[in-house]
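Okay, here's what each chain looks like letter by letter:
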Amino acid sequence: MSFSSKLLLWYGENRRTLPWRGISDPYKIWLSEIILQQTRIVQGEPYYLRFVEHYPTVGHLADASEEEVLKLWQGLGYYSRARNLHKAAQVVRDEYGGVFPSDYEQIRALPGVGDYTAAAIASFAFNLPYPVVDGNVIRFMTRLEGIFEEATSPACRKRILEILKERLDVRQAGPFNQALMEFGALACTPQNPLCKRDGEMCPFAGDCYALAHDVASELPVKKRREVLPVVNLHYLYLEEKGCVWVHKRGYDDLWRGMYDLPVWEAAEAQNSDACGEAAEPVAGLTLLKEYRQTLSHRRLHVFFYEVQAGSPLATQIGKNGEYRKVDKKTLSQLAVPKNIATFFRDFNIF
């Protein structure tokens, strides 16, 4: 039995039921793929359903404001995905008349769409013969073929693509790619892969390099972890007569276009060399909470302080043209970073 036949047979018996599976609508397929980038299915599925409900077509998404899109995306992180999602929808509306392109190169040229996402959309929606290579596929194929190049390297990806192009069933490109990803997600897992489970047999057991050489735990070869820098953030919560002072992020930073609280610059300067330390006590200021958050490129240690109305610091906030007051009741309508949303929930602010 061929590689493709084994894979599709396993897929027919084991695939999960997912809301974006079994459809050919390129808009919904694209939406699901962007949401699931660096996001687990259990976390991403409710976001997908909410986006489809709010924006049933690419035109609805294109016509929304960026703030609305960021608000709906809130909590998923990696907000550049949401901004690119919005930009790409506008490209489809403006350049393709609201009809999602069916050409691989046109799909690949959309903002936020890389090689994997373009191949997924092209094959799932239009059955075009472009193999997908994501983390699950890399794990499966490096073990099956005994590929010891570092998993995220161009050499590793190129070798896997060459192998898959030879094995891809062009008549069933979409199901083949979905089966490939599903096998990595459910069978060739990071820990306890199918070959190690009692009573179950991997359909590729007789062909697998990792099983034959007992090196499944060594593949794929991982990149050495870098030590992430620690960044301290000191936020100020100032409430006056039912209003809260907020700050809209500029368009040159991590959370651009979103809202957060005023930042205590003096505290940041005091602790520029400190690793996650609260600032020295200041009159009219009370430390409320601290959180830790790890991003892909840095670790955040976030402090929240309550500012006493009428204090010198409150006066400074009021004079700063970057800050403005909003009705406390409307805070829930603003798109805010995860740590701000957590703080608001923990203190019943909305």
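A quick note: this is a predicted structure, and the numbers were derived from the prediction, not measured.

### Quick word on the nonpolar core
Reasoning step 1: Counting residues in each nonpolar core, the largest one holds 103 residues, and the members touching the most others are W30, F51, F140 and M141.
Reasoning step 2: Broken down by element, the residue count for this core peaks at eight residues, all from helix α8 (residues 115-126).
Reasoning step 3: Setting aside anything within four residues of it in sequence, one finds W30 in contact with V58, L61, L85, A88, A89, F100, V113 and I121.

### Description of the sheet that holds strand β1 (residues 230-237)
Reasoning step 1: The sheet built from three strands is open, its strands ordered β1-β6-β5 with mixed pairing. Unpaired on one side and paired on the other, β1 and β5 (285-294) mark the two borders of the sheet. Each strand axis lies, on average, 20° off the axis of its neighbour in the sheet, ignoring direction.
Reasoning step 2: In the sheet, β1 pairs with strand β6 (residues 299-307) via eight bridges, with the strands oriented parallel. In the sheet register, N232 faces β6, and the bridge partner there is H301.
Reasoning step 3: Of the strands in this sheet, β1, β5 and β6 touch helix α14 (residues 312-319), which is tilted by about 110° from β6.
Reasoning step 4: Sitting on the sheet, helix α15 (residues 338-346) touches β1, β5 and β6, and the angle it makes with β5 is about 130°.

### A short note on the packing of helix α5 (residues 66-73) against helix α6 (residues 80-95)
Reasoning step 1: Running from amino to carboxyl end, α5 crosses α6 at an angle of 135°, the nearest separation of the two axes being 9 Å. The orientation of α5 with respect to α6, classified from their angle, is oblique. Taken as a pair, α5 and α6 cross one another with a handedness that is right-handed. For the pair formed by α5 and α6, the contact residues are E66, V69, L70 and W73 on the first element and R81, A82, R83, L85 and H86 on the second.
Reasoning step 2: Broken down by class, the residue content of the contact of α5 with α6 amounts to five nonpolar, one polar and three charged.

### Thoughts on empty space enclosed by the protein
Empty space left among the atoms is revealed by rolling a probe the size of a water molecule over them.
Reasoning step 1: This structure, assessed with the given rule, holds one cavity of 30 Å³ or more.
Reasoning step 2: The space that makes up the largest cavity amounts to roughly 140 Å³.
Reasoning step 3: The wall of the largest cavity is formed by 16 residues, among which F183, C188, C195, C202 and C208 lie closest to the centre.
Reasoning step 4: For the lining of the largest cavity, the elements supplying multiple residues, two or more each, are α9 (135-145) and α12 (209-213).
Reasoning step 5: Among the residues forming the lining of the largest cavity, the class breakdown is 15 nonpolar, no polar and one charged.

### With respect to the environment of R171
Reasoning step 1: If you trace the backbone, R171 turns up in the loop between α10 (154-167) and α11 (173-186).
Reasoning step 2: R171 gets classed as exposed once you look at its relative accessible area, which sits at 67%.
Reasoning step 3: When the C-alpha positions of R171 and P129 are compared, they lie 8.2 Å apart, and in sequence the two are 42 residues distant.

### Things to note about the layout of surface pockets
Reasoning step 1: Within this model, the largest pocket holds a volume of roughly 2,000 Å³.
Reasoning step 2: In this structure, the largest pocket is lined by 49 residues; those nearest its centre are Q38, D134, G135, N136 and R139.
Reasoning step 3: Going through the elements one at a time, α2 (26-35), α8, α9, α10 and α11 are the ones with two or more residues in the lining of the largest pocket.
Reasoning step 4: Counted as a void, the second largest pocket has a volume near 380 Å³.
Reasoning step 5: Lining the second largest pocket are 20 residues; nearest its centre among them are L76, G77, Y78, Q293 and L295.
Reasoning step 6: Contributing elements (two or more residues each) for the lining of the second largest pocket: α6 and β5.
Reasoning step 7: Tallied by class, the residues present in the lining of the second largest pocket amount to six nonpolar, ten polar and four charged.

### Observations regarding the side chain of S311
Reasoning step 1: Positionally, S311 belongs in the loop between β6 and α14.
Reasoning step 2: At a separation of 2.7 Å, a polar atom in the side chain of S311 contacts the main-chain carbonyl oxygen of Q308.

### So, α5
Reasoning step 1: Among all positions of α5, only V69, L70, L72 and W73 are buried. Seen along its axis, α5 keeps its buried residues to an arc of 160°; they face one direction.
Reasoning step 2: Of the residues flanking the end of α5, it is G75, one or two places downstream, whose phi is positive at about 105°.

### Notes on the packing of aromatic side chains
Reasoning step 1: Per the stated rule, a full pass over the model turns up 22 aromatic pairs.
Reasoning step 2: On the basis of an interplanar angle of 40° and a centroid distance of 5.1 Å, the ring pair of F3 and F204 is categorised as tilted. Of this pair, F3 sits in helix α1 (residues 3-14) while F204 sits in the loop between α11 and α12, and the two are 201 residues apart along the sequence. Residue F3 shares its accessibility class with F204, and that shared class is buried.
Reasoning step 3: Ring plane angle 65° and centroid distance 5.8 Å describe the contact between Y237 and F343, whose orientation is recorded as edge-to-face. Of the two residues, Y237 sits in strand β1 while F343 sits in helix α15, which places them 106 residues apart along the sequence.

### A word on α14
Reasoning step 1: Those residues of α14 that fall on the buried side of the exposure criterion are L313, A314 and I317. The buried side chains of α14 occupy one side of the element, clustering within an arc of 100° when seen end-on. With respect to the buried face of α14, the exposed residues turned more than 90 degrees away are P312, Q316 and K319.

Definitions and limits used
- Residues numbered from 1 in each chain as written.
- Predicted model: local features only at pLDDT ≥ 70, side-chain atom pairs only at ≥ 80, totals over all residues.
- Heavy atoms only, no water.
- Core = buried A, V, L, I, M, F, W, Y, C linked by side-chain atoms within 4.5 Å.
- Buried < 20%, exposed > 50% of the residue type's maximum accessible area, 1.4 Å probe, protein only.
- Helix = DSSP H or I, 4+ residues; strand = E, 2+ residues; numbered from the N terminus.
- Contact = heavy atoms within 4.5 Å.
- Pairing = 2+ DSSP bridges.
- Axes fitted to C-alpha atoms, helices over the stretch in contact; angles between N-to-C directions.
- Parallel < 35°, antiparallel > 145°, perpendicular 65-115°, else oblique.
- Left-handed = near helix turned anticlockwise from the far one by under 90°.
- Nonpolar A, V, L, I, M, F, W, Y, C, P; charged D, E, K, R; others polar.
- 1 Å grid on protein atoms, 1.4 Å probe; cavity = no way out; pocket = protein on both sides within 12 Å on 5 of 7 lines; lining within 4 Å.
- Points joined across faces, edges and corners; volume = space filled by probe spheres on them.
- Polar contact = N/O pair within 3.5 Å; in protein donor to acceptor, adjacent residues only side chain to side chain.
- Arc of directions from axis to C-beta.
- Phe/Tyr/Trp six-rings, centres within 6.5 Å; stacked < 30°, edge-to-face > 60°.

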